[in-house]
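Working through the structure, step by step
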Amino acid sequence: MKGILSVQSHVVYGHAGNSSAVFPLQRMGFEVWPIHTVQFSNHTQYQEGWTGRAFAAEDITSLVSGMEAIGQLANCEAVLSGYQGSAEQCLAIEDTVKKVKAANPKALYVCDPVMGAPDKGCIVAPGIAEHLINTLMPMADIIVPNQFELSQFASMEINSLEDAIKACQVALNKGPKMVLVKHLHSVSNEMFSMMLATQEGCWLAQRPHLEFDKQPVGVGDLISALFTGQYLAKGNAEAAFSHCNDACYAVLKETSLRGEWELQTIAAQNEIVKPTELFPVEAL
Ligand SMILES: Nc1ncnc2c1ncn2[C@@H]1O[C@H](COP(=O)(O)OP(=O)(O)O)[C@@H](O)[C@H]1O
Ligand SMILES: Cc1ncc(COP(=O)(O)O)c(C=O)c1O
Ligand SMILES: [Mg+2]
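Residues numbered from 1 in each chain as written. Chains lettered and ligands numbered in written order. Predicted model: local features only at pLDDT ≥ 70, side-chain atom pairs only at ≥ 80, totals over all residues. Heavy atoms only, no water.

A few words now on the layout of surface pockets. Leftover empty space is mapped by rolling, across the atoms, a probe with the size of a water molecule. In this structure, the largest pocket encloses a volume near 1100 Å³. Gln45, Lys120, Asn146, Pro216 and Gly220 are, among the 44 residues lining the largest pocket, the residues nearest its centre. Elements represented by at least two residues in the lining of the largest pocket include exactly β1 (3-11), β2 (32-40), α5 (147-154), β9 (202-208), α7 (219-234) and α8 (237-257). In terms of residue count, α7 provides more of the lining of the largest pocket than any other element does, four residues in total. Along the lines of polarity and charge, the residues of the lining of the largest pocket split into 21 nonpolar, 15 polar and eight charged. By volume, the second largest pocket is sized at about 190 Å³. (1 Å grid on protein atoms, 1.4 Å probe; cavity = no way out; pocket = protein on both sides within 12 Å on 5 of 7 lines; lining within 4 Å. Points joined across faces, edges and corners; volume = space filled by probe spheres on them. Helix = DSSP H or I, 4+ residues; strand = E, 2+ residues; numbered from the N terminus. Nonpolar A, V, L, I, M, F, W, Y, C, P; charged D, E, K, R; others polar.)

Structure (structure tokens):
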């Protein structure tokens, strides 16, 4: 049985990390093999804080060895990594990707480089950004950074669409074959823009801007999961990008209509598979 190995955070309450990614992938018909990097009561952007802890890096290695022993790494179609709990876990992910690719050379490595953004309140342990920039992002087939993470990887500021295209070119020259930028802050105020860059070209996807009292968290993790699943299903980056944009909008719209902070992936589950509101994707 084929599946996707998803190595991310787990939250007891709400939706971030695997708690944002696993259900949408399952709802799209994929077997998901989650490995949790941390187990927290809730995501790290609650002002009241959170409880729980990171698992040991050896836990990842040992769980992957167990999967290897039962002969299942050859069935792994993709490794998806997201929020990490320690710098050591980044080494365990590197090891995991190498093992999976040795067992299945066609397997994809999709890296959502969650680096933390103190201004947004996203808190990540020290040393992780360095490992992402120097090791995990260069070895990934697909990276799914937000604008800040892309500018860190490309070592340049991004203040315009032209800058974003240039930064994606820098990123593509460092190893990945595809870059999906989850939100371009400087493109439009009315529309919310995402960009996809591959060796073949660049695309801009737009969707209406929704108002929130507090910006939802785990949206990046949802986007990475939607794109991974759709790319595996369709084998076409532009089509996967378009579906990902529409499905993400549907989940956010449901979240906004219900006045919730946590993503409404369950309420919007049908829309994840077949979004009803479709938005344009433009080749740049
Ligand atoms: N249509 C939309 N309207 C308003 N905000 C949106 C929309 N789509 C996504 N967002 C917001 O964009 C953010 C996700 O993008 P970004 O910050 O770039 O990535 P990440 O979540 O990985 O940090 C989330 O805060 C999410 O609420
Ligand atoms: C536990 C946890 N996982 C994952 C994330 C990443 O969330 P996002 O998809 O918004 O980047 C966060 C952000 O705060 C988090 O606290
Ligand atoms: Mg993120």
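This brings us to the site of ligand 1. Around ligand 1 sit 14 residues, and of these Lys120, Arg207, Pro208, Leu210 and Gln215 come closest. Between an oxygen atom of ligand 1 and a side-chain N or O atom of Gln215, the distance comes to 2.6 Å. Take Gly220: an N or O atom from its main chain is 3.2 Å from an oxygen atom of ligand 1. Computed on the free molecule, ligand 1 has an accessible area of 560 Å², of which 91% lies beneath the protein chains in the complex. (Near = heavy atom within 4 Å. Polar contact = N/O pair within 3.5 Å; in protein donor to acceptor, adjacent residues only side chain to side chain. Areas by Shrake-Rupley, 256 points an atom, 1.4 Å probe, with all protein chains shown as cover.)

So, on to the UniProt feature "binding site: substrate" (unreviewed entry) in the protein. In the numbering used here, UniProt assigns the feature "binding site: substrate" (unreviewed entry) to Ser9, Thr44, Gln45 and Asp221. Taken from the residues named earlier, the lining of the largest pocket is made up of Ser9, Thr44, Gln45 and Asp221. Considering the arrangement of structural elements, one finds Ser9 in strand β1. Exposure remark for Ser9: the relative accessible area of 5% places this residue in the buried category. Apart from the residues lying within four places of it in its own chain, the contact partners of Ser9 are Ala16, Gly17, Asn18, Ser19, His36, Thr37, Val38 and Tyr83. Within the element layout of this structure, Asp221 appears in helix α7. Taking the relative accessible area as the measure of exposure, Asp221 reaches 11% and is therefore buried. Contact partners of Asp221, with chain neighbours within four places excluded, come to Gln8, Ala16, Gly17, Ser20, Ala21, Asp112 and Val114. One polar contact links the side chain of Asp221 to the main-chain amide nitrogen of Gly17, over a distance of 2.8 Å. (UniProt positions renumbered as here; feature names shortened; annotations may be inferred. Buried < 20%, exposed > 50% of the residue type's maximum accessible area, 1.4 Å probe, protein only. Contact = heavy atoms within 4.5 Å.)

Contact geometry of helix α3 (residues 87-103) with helix α4 (residues 128-139) gives a least axis separation of 9 Å together with a crossing angle of 10°. One way to sum up the angle between α3 and α4 is to call them roughly parallel. Listed contacts from α4 to Ala87, Cys90, Leu91, Ile93, Glu94, Val97 and Lys98 of α3 are Ile128, His131, Thr135, Leu136 and Met139. Here the contact of α3 with α4 is built from residues that sort into eight nonpolar, two polar and two charged. (Axes fitted to C-alpha atoms, helices over the stretch in contact; angles between N-to-C directions. Parallel < 35°, antiparallel > 145°, perpendicular 65-115°, else oblique.)

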